Amino acid sequence: MEKIKLGISTCLLGENVRYDGGHKLDRFLTDTLGQYVEYVPVCPEVECGLPVPRESMHLEGDPDSPRLVTIRTKQDMTDRMVQWAQKRIVELEKGDLCGFIFKSDSPSSGMERVKVYDEKGMPVKKGVGMFARIFMEHFPLLPVEDEERLHDPKLRDNFIERIFALKRWREALERKESRGNVVDFHTKHKLLILSHSPKHYQTMGKLVAKAKDLPLKELYQKYQTLLMESLYLKTSPKKNANVLQHMMGFFKEQLSFDEKQELLDVIDFYRKGYIPLIVPVTLINHYVRKYDQLYLKQQVYLNPHPLELQLRNHV
Ligand code: SF4
């Protein structure tokens, strides 16, 4: 797989672009995730023409449509930022981005819970950074996160799973536009989708079953929307245990009574939170290889992202 293209707030890469001349380097993003992605840095404040260092800004007014204002001299930067953002979005459209990692709490780049001040100077944490809002409205299905939320192992696992899935989907379409490609992609992702949303699993199964009745473009659009919606929904120990037990059914002829009992125990320990997901997944992968289980071998669920990221060691 080619590297995944991800937009990122420039200061997270260690560039000195912040209002105070500093940066907010995040080592997980640069050193670990950075091995698999190609970052497209975006610093709204510098790219819209402001200097480094500069006067700091905040959001003011209505949390649903605030103004971007410098704190000391009260210069209103809203129009300047919006005009620049609209042009930058057009450039980013051509960039084949599979997601964006925003800097938390920033009045320009924060994706949620950014402080917005009322006329008395009281903040409410209900705002969205000015560039982040325009970006998310323009690309509603693209996975987005901020660096703070990515410290949470579950959110990290979910985001990285989504960017890898979107990249695989785009590569599948690039190879050849055909209904067969959608069917093939869906077959490989069935259990991954089931682990997020049994409801989407059903709906997407029906969509793929009638693939030949739909114009190709409509099929792609509907499938991609459902794919991104389904993977956005969080997995849970209960949903994962359901998928793991489903996979166990593929070995009913081969496993001994003891092996079945061991696998059931491991799945149950995972469901109760005593061990991480990587343990039952590793055991099932072992049986998949040992018994050359062809259907499971191709299931992305068993290998959704590089093992080196250790994402399933913590969920
Ligand atoms: S938070 Fe956004 S605007 Fe501020 S320095 Fe970082 S990238 Fe630039």
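Here, the structure is the one placed above.
This one's a predicted model, so the numbers in the text were calculated from it and none came from an experiment.

### Concerning the nonpolar core
Right, on to step 1. The biggest cluster of nonpolar side chains holds 92 residues, and the ones touching the most others in it are L33, I101, F131, F135, Y223 and Y301.
Right, on to step 2. The element that contributes the greatest number of residues to this core is helix α5 (residues 153-175), accounting for 9 residues.

### Observations regarding the side chain of E145
Right, on to step 1. Inspection of the secondary structure assignment puts E145 in strand β8 (residues 144-146).
Right, on to step 2. A residue is classified by how much of its surface remains accessible, and E145, at 2% relative accessible area, is buried.
Right, on to step 3. With residues up to four places along the chain from it excluded, the contact list for E145 reads F100, I101, F102, M111, L150, L155, F159 and R162.

### As for the site of the ligand
Right, on to step 1. Around the ligand there are 14 residues in total, and C11, C43, E45, S106 and S109 lie nearest to it.
Right, on to step 2. Of the residues assigned to the shell around the ligand, the class counts are 5 nonpolar, 5 polar and 4 charged.

### Concerning the environment of V52
Right, on to step 1. Structurally, V52 can be placed in the loop between α2 (44-47) and β3 (57-60).
Right, on to step 2. When the C-alpha atoms of V52 and G110 are compared, they prove to be 19 Å apart, with 58 residues separating the residues in sequence.
Right, on to step 3. Here V52 is in contact with N16, V17, R18, G21 and V46, once residues within four sequence places are set aside.

### A closer look at empty space enclosed by the protein
Right, on to step 1. Enumeration according to the criterion identifies 1 cavity of 30 Å³ or more in this entry.
Right, on to step 2. If you trace the largest cavity, you find it lined by D157, E161, S195, T235, N240, L277, Y301 and R312.
Right, on to step 3. Taken together, the residues that form the lining of the largest cavity break down as 2 nonpolar, 3 polar and 3 charged.

### Notes on the packing of helix α7 (residues 198-209) against helix α8 (residues 216-232)
Right, on to step 1. Running from N to C, α7 and α8 point in directions that differ by 165 degrees, and their axes come no closer than 10 Å. By the angle between their directions, the pair α7 and α8 is classed as roughly antiparallel. With respect to the hand of their crossing, α7 and α8 are arranged in left-handed fashion. Judged by residue contacts, H200, T203, M204, L207 and V208 of α7 engage L219, K222, Y223, L226, L227, E229 and S230 from α8.

### Notes on α7
Right, on to step 1. Here α7 contains 12 residues, and its C-alpha end-to-end distance of 17 Å stays within 8% of the 16 Å for a straight helix at 1.5 Å per residue.
Right, on to step 2. Among the residues of α7, H200, M204, L207 and V208 are the ones counted as buried. Around the axis of α7, the buried residues are gathered within 95 degrees of arc, so they sit on the same side. Along α7, exposed side chains directed more than 90 degrees from the buried face belong to K199, K206 and A209.

Rules used in this analysis
- Residues numbered from 1 in each chain as written.
- Predicted model: local features only at pLDDT ≥ 70, side-chain atom pairs only at ≥ 80, totals over all residues.
- Heavy atoms only, no water.
- Core = buried A, V, L, I, M, F, W, Y, C linked by side-chain atoms within 4.5 Å.
- Buried < 20%, exposed > 50% of the residue type's maximum accessible area, 1.4 Å probe, protein only.
- Helix = DSSP H or I, 4+ residues; strand = E, 2+ residues; numbered from the N terminus.
- Contact = heavy atoms within 4.5 Å.
- Near = heavy atom within 4 Å.
- Nonpolar A, V, L, I, M, F, W, Y, C, P; charged D, E, K, R; others polar.
- 1 Å grid on protein atoms, 1.4 Å probe; cavity = no way out; pocket = protein on both sides within 12 Å on 5 of 7 lines; lining within 4 Å.
- Points joined across faces, edges and corners; volume = space filled by probe spheres on them.
- Axes fitted to C-alpha atoms, helices over the stretch in contact; angles between N-to-C directions.
- Parallel < 35°, antiparallel > 145°, perpendicular 65-115°, else oblique.
- Left-handed = near helix turned anticlockwise from the far one by under 90°.
- Expected span 1.5 Å × (residues − 1).
- Arc of directions from axis to C-beta.

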